[in-house]
Amino acid sequence: MFGRRKISSRRQQVRNNIATERLSRLSAVANSPYPATIGVLFLFMAGCVYLLGLDTTDQTVMTVLFSKFKPLQELAALTVIVVLIGAAAAIYVQHYQPKIPLRASRCLNLAILLWLLMALTRIGSMYPEWVYLATGTSVVCAMIVTIVYDPRFALGISLFYSILACFAIGRINATFELFLTMMSGVTICCYSLREIRTRMKLVEVSALAAVTVFVIAFAMQTIQLLPLNRIGFGFRPAASAAAVTFAVGVVIQTFLPIIERVFKIATSMTLMEYSDANQPLLKKMAMEAPGTFSHSLLIGSMAEAAAEAIGANGLLCRVGAYYHDIGKINKPGYFVENQMGSTSRHEQLSPAMSQLVIVGHVKDGMEIAREYSLPAVLRQFIESHHGTTLMEFFYNEARKKQDEKLSPVSEVEFRYPGPKPRTKESAIVMLADACESACRPISELTPTRSEAVVHSIAIKRLQDGQFDECDLTLKEISRIEAALAKSLAAHHHGRIPYPKPSEAEPPATRPTTPAVTQ
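**Section: the overall build of the protein chain**
Counting secondary structure elements, the protein chain contains 19 helices and zero strands. In the protein chain, the share of contacts with a sequence separation of at least 24, taken over all contacts with a separation of at least 6, comes to 73%. When the accessible surface of the protein chain is split by element, carbon and sulfur atoms take 61% of a total near 29,400 Å².

**So, the environment of Cys141**
Along the chain, Cys141 falls in helix H5 (residues 133-148). In this structure, the C-alpha to C-alpha distance between Cys141 and Leu159, residues 18 residues apart in sequence, is 9.8 Å. Not counting residues within four places of it along the chain, the set of residues in contact with Cys141 comprises Leu114, Leu117, Ile157, Ser158 and Tyr161.

**A look at unusual backbone geometry**
In the segment running from Gly418 into Pro419, the intervening peptide bond is cis, with an omega of 10°. Summarising the element assignment, Pro419 is placed in the loop between helix H16 (392-401) and helix H17 (424-439). Residue Lys264 is not a glycine yet carries a positive backbone phi of 55°. With respect to the element layout, Lys264 can be found in the loop between helix H9 (235-263) and helix H10 (268-274). For Lys264, a relative accessible area of 64% puts it in the exposed group. Residue Ser373 is not a glycine yet carries a positive backbone phi of 55°. Summarising the element assignment, Ser373 is placed in the loop between helix H14 (351-371) and helix H15 (376-384).

**Some thoughts on the packing of aromatic side chains**
Applying the stated rule across the entire model yields eight aromatic pairs. Each ring, one from Tyr149 and one from Phe153, has its centre 5.3 Å from the other, and the planes form 75°; the classification is edge-to-face. When its relative accessible area of 1% is taken as the criterion, Phe153 is described as buried. Residues Tyr274 and Tyr323 carry aromatic rings whose centres are separated by 6.3 Å and whose planes lie at 80° to one another, so their mutual orientation is edge-to-face. Note that Tyr274 is positioned in helix H10 and Tyr323 in helix H13 (residues 314-323), a separation of 49 residues in sequence. For Tyr274, a relative accessible area of 17% puts it in the buried group.

Conventions we followed
- Residues numbered from 1 in each chain as written.
- Predicted model: local features only at pLDDT ≥ 70, side-chain atom pairs only at ≥ 80, totals over all residues.
- Heavy atoms only, no water.
- Helix = DSSP H or I, 4+ residues; strand = E, 2+ residues; numbered from the N terminus.
- Contact = heavy atoms within 4.5 Å.
- Areas by Shrake-Rupley, 256 points an atom, 1.4 Å probe, with all protein chains shown as cover.
- Buried < 20%, exposed > 50% of the residue type's maximum accessible area, 1.4 Å probe, protein only.
- Phe/Tyr/Trp six-rings, centres within 6.5 Å; stacked < 30°, edge-to-face > 60°.

Structure, rendered in structure tokens:
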């Protein structure tokens with residue numbers, strides 16, 4: 001036919017390859033978590049448009065299940081505003097917390113939290129005396145997001161929420177005042193609530209935020225209520241805003257366990273509870289694997305010092321180190337720290353069998369963690385404290401005993417299954433565990449020797465790619481090395497040898513009391 005050009009086989013092959021590549025890209029995108037994340041975003045924006053579009057001027061609207069909406073042109077304008085704010089919030093989340101879009105459940109939890117708070121604000125907007133309920137909901141948003149993620153991210157998300165909450169109130173004359181009041185409480189909460197180690201922490205933060213909210217609200221009321229003889233009327237709304245803000249801390253303190261379970265996190269207060277030696281799992285390890293228990297305590301103190309040296313979470317490192325070897329409870333006698341001078345059981349096993357036993361403590365540890373409902377933030381230390389490192393001792397033994405007629409022993413068979421550490425804290429525990437084990441056989445561990453051992457292990461882990469999935473820098477690794485070497489030197493400090501009985505001085509002679517005769 002006219003117009004059809006003859007195509008060479010090479011060009012046709014290139015076109016087929018391009019089509020196949022495009023199809024594979026589309027398939028990868030379709031199978032990725034992003035479609036579900038985008039769906040959650042659209043549902044959230046639709047829910048916000050629904051709430052903001054409700055006409056609540058007639059308070060009897062509650063009886064008709066919110067079926068009355070604002071005029072079409074106003075609804076369209078609100079839709080554009082919500083879409084722009086939602087898109088900006090999505091970009092912010094992708095930039096500062098990229099792990100959230102990778103799991104639809106995290107996006108859904110955050111979206112549900114913001115939507116419920118906005119619904120509460122929208123209901124409160126129906127009553128003039130409840131207008132400062134929006135301040136309470138913004139503080140709730142700031143506190144929960146700070147607890148779950150970090151202060152910077154919480155400040156940004158609370159900013160987007162506060163803008164939407166101002167539209168939910170719908171009173172233009174009070175919007176600027178309300179926005180300043182909300183952001184004052186949000187800022188105080190975000191940068192005062194760094195970690196929760198005591199039960200009073202949330203109450204203290206909410207009290208400080210309440211004072212700030214009162215000052216800002218009263219100042220704004222004073223500006224609006226001039227002349228001076230009307231300033232006293234601004235006290236009541238400012239007090240209402242402060243009371244709502246303070247009540248938020250008490251409410252969140254009550255529901256903190258539920259927040260931790262929903263968002264699958266563990267606060268510092270929870271971690272401190274798990275660090276108690278009376279925890280059933282720690283007591284079991286102390287009874288059945290006392291050497292492992294002592295080893296874990298030492299690793300905990302070393303890891304905490306190293307984490308604090310680089311600004312990481314020292315408490316998380318310490319508690320995670322306590323539980324990183326709980327899998328040894330099932331077979332404690334196969335690990336050197338629990339053998340108490342007896343003959344090693346691995347002498348009766350082949351290197352391949354010993355490798356299965358040693359690797360098994362990671363799998364057993366994960367099963368025990370699920371049985372005792374350990375938080376996910378602690379389980380990461382169990383599965384990643386060896387990463388994919390090579391069990392060099394058993395690998396070398398297998399190479400010595402291998403038959404020349406058989407294929408050579410592969411390193412892959414003698415490596416831990418992983419995963420590699422994904423956080424700074426888990427990488428620190430990996431290094432502390434390896435360094436303590438390497439320094440244990442050294443009889444006289446001087447500071448120079450400890451520094452050499454720690455540096456050698458850190459370089460070996462770095463070259464082996466064990467830090468590829470965590471964001472440790474070379475400068476941070478250097479600081480971790482210094483902290484670990486210092487801890488090891490302090491633990492293995494020198495002692496003055498006691499004199500032998502033959503070298504000891506004879507006991508001082510005491511004056512004898514003559515016997516009393518009767």
